[in-house]
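Commentary on secondary and tertiary structure
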Amino acid sequence: MAVRPVAADAGPKPVFKRPSLRERIKSSRTAWLYIAPAALIMLFVTLFPYIYQLFMAFTDYRVRNLRFNLLNPETWARYAPPFVGLDNFVRILTNQLTIENYDFWRLLLFNITWTVANIVFHVALGVLIALVLNSKTVLLRRVYRALFVLPWAMPGYVAALTWRNMYDDRFGAINQLFGVINRLIGTSFPTDTRWFVISEPPIGGLLSFLPLAFYAVLLANIWLGWPFMSVVATGALQSIPKELYEAASIDGASGWQQLRKVTLPLIRPAMVPAIMLGTIWTFNQFSVIYFISQGNPFGRTEILITQAYKLVAEQRLYGVAAAFSIVVFFILLSFTLINNRVTRATEAYDV
Amino acid sequence: MKGYSVELKDLVKVYGGEHGDPRVGAVNGINLGIHPGEFFTLLGPSGCGKTTTLRLVGGFETPTSGEVYIEGQAMSHVPPYNRPVNTVFQNYALFPHLTVAQNVAFGLAIKRVDKKEQERRVQEALEMVRLPDVGKRKPAQLSGGQQQRVALARALINEPSVLLLDEPLGALDLKLRKAMQIELKQLQKEVGITFIYVTHDQEEALTMSDRIAVMAEGSIIQVGDPVGIYEQPATRFVANFIGESNFIEGVLGGTGSDGAVVEVGAERALIRPDAEPWPAGTEVTVCVRPEKLMLYPPATECNGLSGTVREVIYIGTDTEFVVELANGVRAVARLQNIDGRGLGEFAVGDAVRVGWAMWDAHTLED
């Protein structure tokens, strides 16, 4: 491949030289001016805390170190947190934290179980309801669609607190509902279940590490989580051309076959990124766990992010909590990278 | 009913009528017989009901009244997949997540045809549409024309006796469309099945069809072979929709041995006599195609009318002369640019005689 020089005296050098950084900044000066305010704010509000957290994670940062001020040299010697290397990480991973019922690997197992169970229900329910509401024969489907998005539109902690009240053992709606059912059809469901206290697992065997509280918070978070999947699935469903279904039906595909061979493969490119996003949200679903079960009973419904919060709120272990968050970050990062590789989430079909 | 591949009887399709929606007639009573092995085209502007008619044949719509017969069988209660029919869609409707081969094999896979047999027939079908080597690719990796051929292969592999094509070339560019027209026609001859083809492109219809039904507002206006449709359009609509036409109003005089006489103002001219002539004195509209008109110097003795040239438009292959006739009607004469004919001979403002051969002018039904 010979490059023919355009100018007669250009010689063998390539005609287009990449401009130097200085030249490029110069030529885009106005653009820099426009993004400068936003970039500056991002620098202090987002980037700096990240870097500072990274620094904290390698120190034994406690309450007294809060007086440490980077801008005031007088505080440096006295209040600088002692550098401890990887000690925080080692203590987290080898369960050497002075916190009740702490077991990192149990927490991780619970957190993963919590995430998988949620996502399975979110996706199954979301896609199913999107499919039902996509059929033109359903009356009032616009009304339903609007209603079903409400949980998603509501602030998470408001929903969580509402659910907390519904699970109240004496005055909560759920126990009262059982009472109503008992009166109406003569059953004898317990009406004073203490959802977050009972520690015997309702399902034994492999699932015996999950207390009743798990199913209670799971239910609340399913209610909170499926509308998002449903919205994404609805969008994907509506972008499938109806000719594809006609073409499939001419070839004799039944409704079930059309669902399996046309609908599901075609909503997959939209669902995969949504599932990744949903996984990250659910993995770090702070408000549901913190406000509803509060980790009870005995920290068995604690997830990593609520545990990290308690390290700060109860133990004032800022350095350990920072390290904890970094561990969570790397768990989610590796999940995302692996998932992206396996599902090729960025691959879409040209319809 | 016997002998027809597809027959439509008093076919009506009305949309709406529920929840107080206005009722909209898409197809208003169509009667039509299509012969086996025929390349039959439904031609009309958008909204004329041609696609609805096709969908009624395919089984995607149920008729409000009337009946579709395919090979003599009433089809009202037969679902699409049980009709001996397959469809090629305008936007191909290929499954984007399947390879070309999987797309073509879709119907066979649903019917659980043996894998080896599937492979053989897929290869056969792809060879038939001259795409033997693209089986492993995804539809998005093919050009529009190639995708259209894959759609054809997918339809033909199911061995339908009638193939429905809904503007299948609509999305292709002009050159490719022309090439595909010829290829489609050849393919139809090879496989020998009935094609029902929907298009709004009159040239496409004329090029490919054995017969054409011209539709407007849910009804069939005229059915005939391309020559009949073009040379003798029955109505003003057909004459205008297919090609261009001049309409000259006049009063019918007597019919002699050398043609029918039409009186236009003070002048008289000869036109083709109708098979069942209207009585003399009837007001008629005479239709003549622009390319059938000739221009002569004013004093020339010829069949035609007198007028004045108002516009001269050079359009490359032809020159168009807009001539105002004595009764104020503007007629367009299109003369081919051969040997300086017309061009240079007549200029704006010149008095001319507009002449035609008696056979080239006829009366319209409306």
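Everything numeric here is computed off the predicted structure, so don't read it as measured data. (Residues numbered from 1 in each chain as written. Chains lettered and ligands numbered in written order. Predicted model: local features only at pLDDT ≥ 70, side-chain atom pairs only at ≥ 80, totals over all residues. Heavy atoms only, no water.)

1. A closer look at the overall build of chain B
- Summing up its helical and strand segments, chain B has nine helices and 20 strands in all.
- C-alpha atoms of chain B, sized along the principal axes, occupy 80 × 45 × 45 Å.
- Put simply, chain B has 366 residues, and 52% of those count as buried.
- When the 35 positive and 47 negative side-chain charges of chain B are each reduced to one mean point, those points stand 10 Å apart. (Helix = DSSP H or I, 4+ residues; strand = E, 2+ residues; numbered from the N terminus. Buried < 20%, exposed > 50% of the residue type's maximum accessible area, 1.4 Å probe, protein only. Lys, Arg positive; Asp, Glu negative; His and termini not counted. Charge placed at Lys NZ, Arg CZ, Asp CG, Glu CD.)

2. Observations regarding the interface of chain A and chain B
- Contact with chain A, which involves 19 residues of that partner, is made by 20 residues of chain B.
- For the pair chain A and chain B, the summed buried area comes to about 1800 Å², and 67% of that belongs to carbon and sulfur atoms.
- When the shortest N-O distance is used, the salt bridge between A:Glu246 and B:Arg55 registers 2.6 Å.
- Summed over the shared surface of chain A and chain B, the number is five residue pairs in polar contact (both at pLDDT 80 or more).
- Where the side of chain A that touches chain B is concerned, the elements lending two or more residues are helix 10 (242-250) and helix 11 (255-283) of chain A.
- Sorting elements by how many residues they give to the side of chain A that touches chain B places helix 10 of chain A first, with eight residues.
- Class assignment for the residues of the side of chain A that touches chain B results in 10 nonpolar, three polar and six charged. (Contact = heavy atoms within 4.5 Å. Buried area = accessible area lost by both parts, 1.4 Å probe. Salt bridge = Lys/Arg side-chain N within 4 Å of Asp/Glu carboxyl O. Polar contact = N/O pair within 3.5 Å; in protein donor to acceptor, adjacent residues only side chain to side chain. Nonpolar A, V, L, I, M, F, W, Y, C, P; charged D, E, K, R; others polar.)

3. Some remarks on the domain arrangement of chain A
Residues and elements named next belong to chain A.
- According to the domain assignment, chain A contains domain 1 (32-84) and domain 2 (90-343).
- Summarising the inter-unit geometry, the C-alpha centres of domain 1 and domain 2 are found 34 Å apart.
- Taken together, both faces of the contact between domain 1 and domain 2 bury some 770 Å²; the carbon and sulfur share is 69%.
- Looking at the side of domain 1 facing domain 2, the largest losses of area belong to Gln53, Ala57 and Arg62, adding up to 46% of the total buried there.
- For the pair domain 1 and domain 2, the number of links is zero salt bridges. (Domains from an automatic or database assignment.)

4. A closer look at the side chain of B:Thr87
- Here B:Thr87 is to be found in strand 6 (residues 85-88).
- Since its relative accessible area comes to 8%, B:Thr87 is described here as buried.
- Not counting residues up to four positions away in its chain, the partners in contact with B:Thr87 are A:Ile250, B:Phe60, B:Ala155, B:Leu163 and B:Leu164.

5. Looking at the sheet that holds strand 16 (residues 304-314) of chain B
Residues and elements named next belong to chain B.
- Ordered in space as 15-19-16-17-18, the five strands form an open sheet in which the pairing is antiparallel. Two strands close off the open sheet at either side, each with one partner strand: strand 15 (294-296) and strand 18 (330-336). On average, each strand axis in the sheet is inclined to that of its neighbour by 45°, with strand direction left out of account.
- Of the strand pairs in this sheet, strand 16 and strand 17 (residues 318-325) are connected by seven bridges, and their pairing is antiparallel. Bridged to Glu311 within strand 17 is Val322. (Pairing = 2+ DSSP bridges. Axes fitted to C-alpha atoms, helices over the stretch in contact; angles between N-to-C directions.)

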